[in-house]
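As a plain string of letters, each chain reads:
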Amino acid sequence: MDAELMKAAEAATGFMPEAEGLALYETAESYADAGPVLEVGSYCGKSAIYLAAGVRDARARGVRQQVVTIDHHRGSEEHQPGWEYHDTSLVDPEAGRIDTLPRLRSTLVQAGLDDDVIVIVGRSVDVARLWRIQLGMLFIDGGHTDAAAQWDYESWAPKVAVGGVLAIHDVFETPEEGGQAPFRIYQRALSSGAFTEVRHEGSLRILERTGDAVG
Ligand code: SAH
Ligand code: MG
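In this report, the structure presented in the accompanying data block is examined.

1. Side note on the site of ligand 1
Part 1: Around ligand 1 sit 20 residues in total, of which F15, G41, S47, D71 and D141 are the nearest.
Part 2: One of the backbone N or O atoms of H72 is found 3.4 Å from a nitrogen atom in ligand 1.
Part 3: Residue D141 places a side-chain N or O atom 2.8 Å away from a nitrogen atom belonging to ligand 1.
Part 4: Burial of ligand 1 by the surrounding chains reaches 93%, relative to a free accessible area of 590 Å².

Structural data, given as structure tokens:
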């Protein structure tokens, strides 16, 4: 991966270990042929840098795609005041709430990726309802409640092209390691018969869409 973008990703605020980020980069690079790359859960743009680096490198093969990243920018449960991952520097004093959009924007501008990443501000399910294009890669890294994860799966997984790929972050097999909601959608994807695991890096699971019916 491009050294400047590696540095930018490392410096960005967020929750993406380098080894997992590089797996995202490689996956985006390989699957961009199948369609655009869409991320649920931008936060401050750390993972988006890896995805955009992949899409950029796919241009060497003549593949022109973009990264779309969706977030309501109000943070998940664990980012709220009093919770484990709350970051006071991300509170918008006027709204009195978390607002990660300004940080995302400056991260992308500083990385020189402003034109490579399309930022959508909204709730994942609401955007899904308006979305028609089949995806080359879907990366689910949004809300970690069961309801949020299941909604993300139901509304977006059927939009992955056959031959495209579904990546899920924060998949932990036991409650001791972490919350189980992403693990449950991972299991659901596998048991639907529409997805086959092709890579495992830390808590990141990469599943290729090999079948038609997504259950
Ligand atoms: N990918 C990021 C981390 C994402 S954290 C990184 O690499 O650092 C999860 C994000 O999902 C939070 O920013 C939160 O605001 C967002 N989120 C949670 N539920 C959502 C929903 N229903 N719709 C859109 N965004 C959501
Ligand atoms: Mg995550």
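Read on for the rest.
2. Considerations on the packing of aromatic side chains
Note on aromatic pairs: each is described by the distance of the centres and the angle between the planes.
Part 1: Tallying each qualifying case throughout the model produces four aromatic pairs.
Part 2: For the pair W131 and W156, a centre-to-centre distance of 5.8 Å together with 65 degrees between the ring planes defines the contact as edge-to-face. Remark: W156 occurs in helix α6 (residues 146-156) and W131 occurs in the loop between α5 (124-130) and β6 (135-140); sequence separation between them is 25 residues. Comparing W131 with W156, the two get one shared label, buried.
Part 3: Ring-pair connections join several aromatic residues into one group, and the members of that group are F15, Y43 and Y85.

3. Details of the sheet that holds strand β5 (residues 117-121)
Part 1: Taken in spatial order, the seven strands line up as β5-β2-β1-β6-β7-β9-β8 in an open sheet, and their pairing is mixed. Of all the strands in the sheet, the pair left with one neighbour each is β5 and β8 (195-201). In this sheet, neighbouring strand axes are inclined to one another by 20 degrees on average, regardless of whether the strands run parallel or antiparallel.
Part 2: Direction of pairing for β6 relative to strand β7 (residues 160-168): parallel, over a ladder of five bridges.

4. Comments concerning the coordination of the magnesium ion (ligand 2)
Part 1: The protein atoms donating to the magnesium ion (ligand 2) are D141 (OD), H169 (ND1) and D170 (OD), with metal-donor distances spanning 2.1 to 2.2 Å.
Part 2: All donors of the magnesium ion (ligand 2) come from a single chain, and their spacing in sequence reads D-x27-H-D. Summarising the burial analysis for this pair, H169 and D170 share the class buried.

5. Description of the pairing of β8
Part 1: Taken together, the six bridges between β8 and strand β9 (residues 204-209) define a ladder with antiparallel strand orientation. Residue pairing for β9: T196 is matched across the bridge by E208.

6. Quick notes on the side chain of D141
Part 1: Inspection of the secondary structure puts D141 in the loop between β6 and α6.
Part 2: The buried charged residue D141 lacks any salt bridge partner; its closest oppositely charged side chain belongs to K46, at an N-O distance of 11 Å.
Part 3: At a separation of 3.3 Å, a polar atom in the side chain of D141 contacts the side chain of H169.
Part 4: Contacts of D141, omitting those with residues within four sequence positions, involve M16, V40, G41, H169 and D170.

7. Comments concerning the environment of F183
Part 1: Looking at the element boundaries, F183 is found in helix α7 (residues 181-192).
Part 2: Residue F183 is classed as buried on the basis of its relative accessible area of 12%.
Part 3: A sequence separation of twelve residues divides F183 from V171, and the C-alpha atoms of the two residues are 4.6 Å apart.
Part 4: With residues up to four places along the chain from it excluded, the contact list for F183 reads V171, F172 and E173.

8. Describing the pairing of strand β2 (residues 67-71)
Part 1: Within β2, five of the five residues are buried, which leaves it mostly tucked inside the rest of the structure.
Part 2: Of the two faces of β2, both are covered, the one formed by V67, T69 and D71 as well as the one formed by V68 and I70.
Part 3: Pairing between strand β1 (residues 37-40) and β2: four bridges, direction parallel. Paired with V40 across the bridge in β2 is I70.

What counts, and where the lines are drawn
Each chain carries its own residue numbering, running from 1 in the written order of its sequence. The naming scheme follows written order: chains are lettered A onward, ligands numbered 1 onward. Thresholds applied to this predicted model are a pLDDT of at least 70 for local features of residues and 80 or more for the giving and counting of side-chain atom pairs; totals over whole chains, interfaces and linings are not thresholded and use all residues. Side-chain metrics in this entry use all non-hydrogen atoms of the structure; hydrogen atoms and water are not considered. When we say a residue is near a molecule or strand, we mean one of its heavy atoms is within 4 Å of it. In protein, a polar contact means a hydrogen-donor-capable atom and an acceptor-capable atom, both N or O and within 3.5 Å, with residues adjacent in sequence counting only if both atoms are side-chain atoms; elsewhere, any N or O pair within 3.5 Å suffices. All accessibility values rest on the Shrake-Rupley procedure with a 1.4 Å probe; residue burial counts only the protein chains present in the view. Between rings of Phe, Tyr and Trp, where Trp is taken as its six-membered ring, a pair exists when centres lie within 6.5 Å; planes separated by under 30 degrees are stacked, by over 60 edge-to-face, and by other angles tilted. The secondary structure listing takes helices from DSSP runs of H or I that are at least 4 residues long and strands from runs of E that are at least 2 residues long, numbered from the N terminus. For every residue, the accessible area obtained with a 1.4 Å probe (protein chains only) is divided by the maximum for its type, and the residue is called buried under 20%, exposed over 50%, and partly exposed between those limits. Only strands joined by at least two bridges in the DSSP assignment are considered to pair. Axis geometry follows a simple rule: fit a line to the C-alpha atoms, using only the stretch in contact for helices, then measure angles between N-to-C directions, giving values from 0 to 180 degrees. Each metal site lists N, O and S donors within 2.8 Å (3.2 Å for Na, K and Ca). With water left out of the atoms, a site can look as if it is missing ligands. Charge assignment: positive for Lys and Arg, negative for Asp and Glu; neither His nor the chain ends contribute. One speaks of a salt bridge when a side-chain nitrogen belonging to Lys or Arg is within 4 Å of a carboxyl oxygen belonging to Asp or Glu. Note on definitions: a residue-residue contact is assigned when non-hydrogen atoms from the two residues lie within 4.5 Å.

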